[in-house]
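# Tertiary structure, described
Spelled out from the first residue to the last, the chains are:
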Amino acid sequence: MNQRIIKVDTAETTALIFGTYDVNLRIIEDAFPVTLRNRSGEDGTDAIVVSGESMDQVNLAAAAVEYLRDMVRHTTEITDQSVRYVVDMIRGGNAGELAHIGSDCIFVTAKGKPVKAKTVGQAKYVEAIRKNTIVLGVGPAGTGKTFLAVAMAVKALKEKQVSRILLTRPAIEAGERLGFLPGDLLSKIDPYLRPLYDALGEMLGPETHQRMVEKGIIEVAPLAYMRGRTLDDAFIILDEAQNATPEQVKMFLTRLGFGSKVVVTGDLTQTDLPYGQRSGLASAIKILEGIDDIAIHYLSEKDVVRHHLVQKIILAYEAYDREQAAKKQQAAELRDGRENDRRDTDRRDTDRPAYRPKRNR
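To start, this report covers the structure provided alongside it. (Residues numbered from 1 in each chain as written. Predicted model: local features only at pLDDT ≥ 70, side-chain atom pairs only at ≥ 80, totals over all residues. Heavy atoms only, no water.)

## Section: helix α8 (residues 206-215)
For α8, every residue scored as buried is listed here: T208, H209 and M212. Viewed along the axis of α8, the buried residues span an arc of 100 degrees, placing them on a single side of the element. Those residues of α8 that are exposed and angled more than 90 degrees off the buried face are P206, E207 and E214. Just downstream of α8 lies G216, where phi reads positive at about 80 degrees. (Buried < 20%, exposed > 50% of the residue type's maximum accessible area, 1.4 Å probe, protein only. Helix = DSSP H or I, 4+ residues; strand = E, 2+ residues; numbered from the N terminus. Arc of directions from axis to C-beta.)

In structure tokens form, the structure reads like this:
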């Protein structure tokens, strides 16, 4: 039996690593054929013993435990989602990339909760926002595209890098017709902008958020309100950009003024535009790629920080879409083959000399 001993600071650290009712411990033991147990020393220190038949698997599990131990020093909570992500990265041979996550806190919310990048993809996304004037963040639901962008916007406002924040998104229904909504104009568009209000409320607290809105420091508006404006010294976020047309995205990007920063977020797999209408986000990715000071960052299902089932749902839908695309391709090839055979038959019939009966002399 092979084993590794990882020293930890205190018994509380071990408890955080193992998780509530040892849920994190079971995730590690299921991922690697090893056994984890804690061992207390006479000097008051604690240790985690990793045992298993394969030394390679023991080393991989020990690497996961060591990373979680270091993670405890910078946070007060280790979720099962974080443990699954660390395990997947180590099993995939990407343990070295975990160093990109780091311990940098982007912002502390009104309730005292630190906002940090939780995955390698998120860390690179945050770094892209820091270094570039325009960033296009593309990825599936639950990857923190909007939340991290809002956190960076509030951070820039607090540090006086900008003087105001402007958040916008297209006012389009998610696959259903809502009809005429009651109330004035603001009441009608409020449901479409609610996710942005929620993110700002969590960052700043409801009172501070409301006060900044009243002073015009923070503005949340539908995309249609952007035409004709020039936005200087502002942090501007366009959310759900996959539901904007190419003309709308072009209009939005050209609002950029001096001292401003723009973040465009969206999920190309969840567009609600009418059938046949091209997404403005998809067009912008192709048109703007390679331009200096414009970054295009892709997040994947590995960066999902919601319930772990969300990641499985995304993968299932992607597999289904690939299967349907393959079937359509096969049907198209079969249809083209039949069409070519028909044309060849018609051509042979045309080239064949016409039958002429012999005359009797």
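We are not done yet, so read on.
## Observations regarding the sheet that holds strand β1 (residues 2-8)
Strands sit in the order β1-β3-β2 across an open sheet of 3 strands; the sheet is antiparallel. Strand pairing shows two members of the sheet lacking a second neighbour, β1 and β2 (34-40), which therefore form its edges. Across the sheet, the mean angle from the axis of one strand to that of its neighbour is 20 degrees, orientation sign disregarded. Relative to strand β3 (residues 46-52), β1 runs antiparallel, the two sharing 7 bridges. Note that in β3 the partner of Q3 across the bridge is S51. On the sheet, helix α1 (residues 11-18) packs against β1, β2 and β3 and is oriented at approximately 40 degrees with respect to β3. (Pairing = 2+ DSSP bridges. Axes fitted to C-alpha atoms, helices over the stretch in contact; angles between N-to-C directions. Contact = heavy atoms within 4.5 Å.)

## Quick look at the pairing of strand β9 (residues 234-238)
A large share of β9 lies buried, amounting to 5 of its 5 residues. Because side chains alternate across β9, one face comprises the buried residues A234, I236 and L238, and the other comprises F235 and I237, equally buried. Alignment of strand β7 (residues 164-169) against β9, held across 5 bridges, turns out to be parallel. When the bridges of β9 are listed, L167 appears paired with I237. Here β9 pairs with strand β10 (residues 261-266) via 4 bridges, running parallel. Bridge pairing in β10 links I237 to V263. In this fold, β9 hands off to helix α9 (residues 246-253), which returns the chain to β10; that crossover is right-handed. (Right-handed = clockwise from strand over helix to strand, strands pointing away.)

## What to know about the nonpolar core
In this structure, L167 and F235 are the most contacted members of the largest nonpolar core, which totals 34 residues. In terms of residue count, helix α6 (residues 145-158) provides more of this core than any other element does, 9 residues in total. Those residues in contact with L167 that lie beyond four places of it in its chain are V150, L196, L200, I218, E219, V220, A221 and I237. Core analysis: the next-biggest nonpolar cluster, separate from the first, contains 30 residues, I17, V50, V58 and Y85 among them. (Core = buried A, V, L, I, M, F, W, Y, C linked by side-chain atoms within 4.5 Å.)

## Remarks on unusual backbone geometry
Unlike most non-glycine residues, D233 shows phi in positive territory, near 55 degrees. Classification of D233 as partly exposed rests on a relative accessible area of 30%.

## Focus: the side chain of N24
Within the fold, N24 resides in helix α2 (residues 23-31). Look at N24 and you get buried, because its relative accessible area is 1%. Only 3.3 Å separates the side chain of N24 from the backbone oxygen of I17, close enough to count as a polar contact. Setting aside residues no more than four positions away along its own chain, N24 makes contact with L16, I17, F18, G19, I78, T79, D80 and V83. (Polar contact = N/O pair within 3.5 Å; in protein donor to acceptor, adjacent residues only side chain to side chain.)

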